[in-house]
Structures are given as C-alpha cells and as structure tokens.
Amino acid sequence: MSELGLGTMTILKHGEDEARRILETAISSGIRHIDTADVYARHDVERIIGEVIPSHRGDLFLASKGGNELTEDGMRWNPSPDYLERALHGSLERLKTDYLDLYYIHGGTLEDDLDATIEFMREQKRQGLIRQIGLSSIRPNVIRYWLKHGELDVWMTPYSLLDRRAETLDRKIPVVGRGVLAKGLLTDEWEQRLSDRGFEAWHADELAGELALMPRPIQAYALAAARRFCDVVLPGASSVQQLEETIAADRTEIDEAQLDRLLARLPVHPYKKHVT
Ligand SMILES: NC(=O)c1ccc[n+]([C@@H]2O[C@H](COP(=O)([O-])OP(=O)(O)OC[C@H]3O[C@@H](n4cnc5c(N)ncnc54)[C@H](OP(=O)(O)O)[C@@H]3O)[C@@H](O)[C@H]2O)c1
C-alpha cells in the first residue's frame, strides 16, 4: 500500500504565509511524510517546516537531504563526511528535531569517495540521528553501488507517466517517487505548461498529442500510476489550492483497466547517462 507525502521544494514560491498554510493543510489532511532538503530556498524551507511541525513531530515522518553545500552564488557538491556532519546538524537545528526519519545523500557520482559517505551515513544511523539511509539519484551506476554497499533503506527517483526510467532498474528497496506531476504537466493545466523544450525524453509535439489523449482527470491517473510503482508518492505544490487539488485527485476513483491500457501504451524510456 503506497502513501501520499508532500514535497516541499516549491512551497515558498508565494511567500511564507502560503508555505505555512500548505504544511498545515497537508498535516490536517492526514499527510505524514514530509520531504525537504537543506538547499530548498537556501535553508528557508527547512526553517519554515521547523516553525510549523514541532507540535506534530511525533505524528510525522520527516525526510531531508544533504551534500549540496551552499556557496555565495549557488552551491557545490560536497559529500565529504566533515561537511555532511555540519549539514545534518544544520538540518536538525532548523527543523527543531533530534532525529530525521530519513536522511538522503542528495546525488553524487562514482568519482566521489562513496565508501566514506556510506560509512558516515551508517554512523549517523548507529547514533540514532537518522533512522533510515536514503539516496536520491538518477545515475544507475551510483544507485547500483549504493544498493550493493550502502545498506540503503530508501531510493528516491523521479517517476511519472512521462518518466518511467526507474522501471528499468532492479528495485530491491522501498522507492520514493518525485516529479509525479511532471512539474504540473500531468494536471488540468497541461496546455498552459507545455513548452517547446518538451519534457525529459519527450519532444514537445509528441507530448502534446499524448497529453490530449490521456484519460481524465489526468492528475488522478498520474497519482494512481505513481502509487502503483512507488511506496511513497511525493507531489509538490506551491499553493494550498494545488495541494487541495492533488489530495482530491488522489481520492478520485480511476478506471484501473484504463490505467493498464495507458501504461501499456506509454514508452519506458531508458537511462541514457551514467549507465555503467
Ligand atoms: N534531487 C532531489 O532529491 C529532488 C529533486 C526535485 C524534487 N524533489 C522532491 O520532490 C518533490 C516534488 O518534486 P517536483 O516539484 O519536481 O514534482 P511535481 O509534483 O511533478 O511538480 C510540482 C509542481 O507541479 C505544479 N502543480 C502542482 N499541483 C498542481 C495543480 N493542481 N495544477 C497545476 N500545477 C500543479 C506546481 O508547479 P508551479 O510551482 O510551477 O505552479 C508544483 O510546484 C519536491 O518538492 C521535493 O521535495 C527532490
């Protein structure tokens, strides 16, 4: 049985009050799994979550991520244990909690000292600062390494009707799916959100044709498809209205046979980079 969570990357788009309302709406609607990262809005998303959740902490499953070190003009990848230790403690402080239910390494490459990062994560789990070890990655070679050596509890991956690459990997552990609404393309607003760039492996023309054919409401089918593959489905929202539409779509009964046909028709694109 899969679970609906909340992705918080975009909750600050319309200001702090709206961000707080999004979190409160999620919690009062029964959403438990809250996903964040230290870099979202340069620490501010974690800070807002830390203001809202303390009174609900015991009822929530809180996940964050580290490895992207903020710099003056952006961020740089830094999976060294020294940096990760500072990053994790920073997240705990902003989130006003003693532990995270899940802590992800927020990417990485085979050129990293993966064994050092893995040992860091094991140690945090032993100390109880994190309860589960996660990896958020779209690189098959990195994912395979962590699956083999990392005592990984959870893998986060993009997954949607429009990006089914994750189906091509051997999944041995629980999967958290992000990008399940394809940035709003899998909603009633799909026509306004189409661009010449297409989406992932889709060219703009074929994408428009496919979206026009999809069963309605698209958002309900998108969430149902993600729920079939993922243990936790993490739609994002930048307004309360969007979150309410997502929750309503998630509760909408869909025609399972129609979803079977849709999944049989839609392509499963292969990973093109970092395969070996
Ligand atoms: N590498 C990583 O680990 C990583 C990377 C990306 C995301 N994530 C996590 O996954 C979560 C979800 O990712 P995502 O934001 O890419 O996924 P998404 O769910 O595919 O897209 C969310 C976006 O879809 C649009 N949307 C949502 N509801 C809508 C509605 N009812 N009508 C029209 N548009 C709607 C909004 O776009 P607008 O804001 O433009 O309105 C919203 O920000 C993030 O919040 C984050 O927690 C992790």
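Bear in mind the structure is a predicted one, so any value in this text is a computation, not a measurement.

Undergrad: How should I be thinking about the site of the ligand in this particular structure?
TA: The full set close to the ligand counts 29 residues, and D35, S136, K183, S238 and E245 are the nearest of them. Take M9: an N or O atom from its main chain is 2.9 Å from an oxygen atom of the ligand. Contact between the ligand and E245: a nitrogen atom at 2.7 Å from a side-chain N or O atom of the residue. Burial of the ligand by the protein chains amounts to 91% of its free accessible area of 910 Å². Among the residues forming the shell around the ligand, the class breakdown is eight nonpolar, 13 polar and eight charged.

Undergrad: Honestly, the nonpolar core in this entry has me stumped. Any pointers?
TA: One recurring pattern in soluble globular proteins: nonpolar side chains tend to sit buried together. Among the nonpolar cores identified, the biggest contains 83 residues, and W146, L161, L162, L186, L211, M214 and L259 are the most heavily contacted of them. Sorting elements by how many residues they give to this core places helix α8 (residues 218–229) first, with nine residues. Those residues within four positions of L161 in sequence are excluded, and the remaining contacts are L186, M214, Y221, A222, A225, L259, L262, L263 and L266. Ranked by size, the runner-up nonpolar core spans nine residues in total, among them A63, V154, V176 and L234.

Undergrad: For this particular structure, what's the right way to read the side chain of H33?
TA: Topologically, H33 is positioned in strand β3 (residues 33–35). Since its relative accessible area comes to 2%, H33 is described here as buried.

Undergrad: What am I meant to see in the pairing of strand β10 (residues 175–178) here?
TA: Regular strands have side chains that alternate between both faces of the sheet. Judged from the four bridges that link them, strand β9 (residues 154–158) and β10 form a sheet pairing that is parallel. Within β10, the residue paired with T157 across the bridge is G177. In the sheet, β10 pairs with strand β11 (residues 232–234) via three bridges, with the strands oriented parallel. Opposite G177, over in β11, you have V233 as the bridge partner.

Undergrad: Help me understand helix α5 (residues 140–149) in this model?
TA: Every α-helix carries 3.6 residues per turn, so stepping three or four residues along brings you back to the same face. Taken residue by residue, α5 has P140, N141, V142, I143 and W146 as its buried positions. Packing partners of the buried residues in α5 comprise β7 (102–105), α4 (114–127), β8 (133–136) and β9. Positive backbone phi, approximately 45 degrees, marks E151, located one or two places after α5.

About the criteria used
Residues numbered from 1 in each chain as written. Predicted model: local features only at pLDDT ≥ 70, side-chain atom pairs only at ≥ 80, totals over all residues. Heavy atoms only, no water. Near = heavy atom within 4 Å. Polar contact = N/O pair within 3.5 Å; in protein donor to acceptor, adjacent residues only side chain to side chain. Areas by Shrake-Rupley, 256 points an atom, 1.4 Å probe, with all protein chains shown as cover. Nonpolar A, V, L, I, M, F, W, Y, C, P; charged D, E, K, R; others polar. Core = buried A, V, L, I, M, F, W, Y, C linked by side-chain atoms within 4.5 Å. Buried < 20%, exposed > 50% of the residue type's maximum accessible area, 1.4 Å probe, protein only. Helix = DSSP H or I, 4+ residues; strand = E, 2+ residues; numbered from the N terminus. Contact = heavy atoms within 4.5 Å. Pairing = 2+ DSSP bridges.

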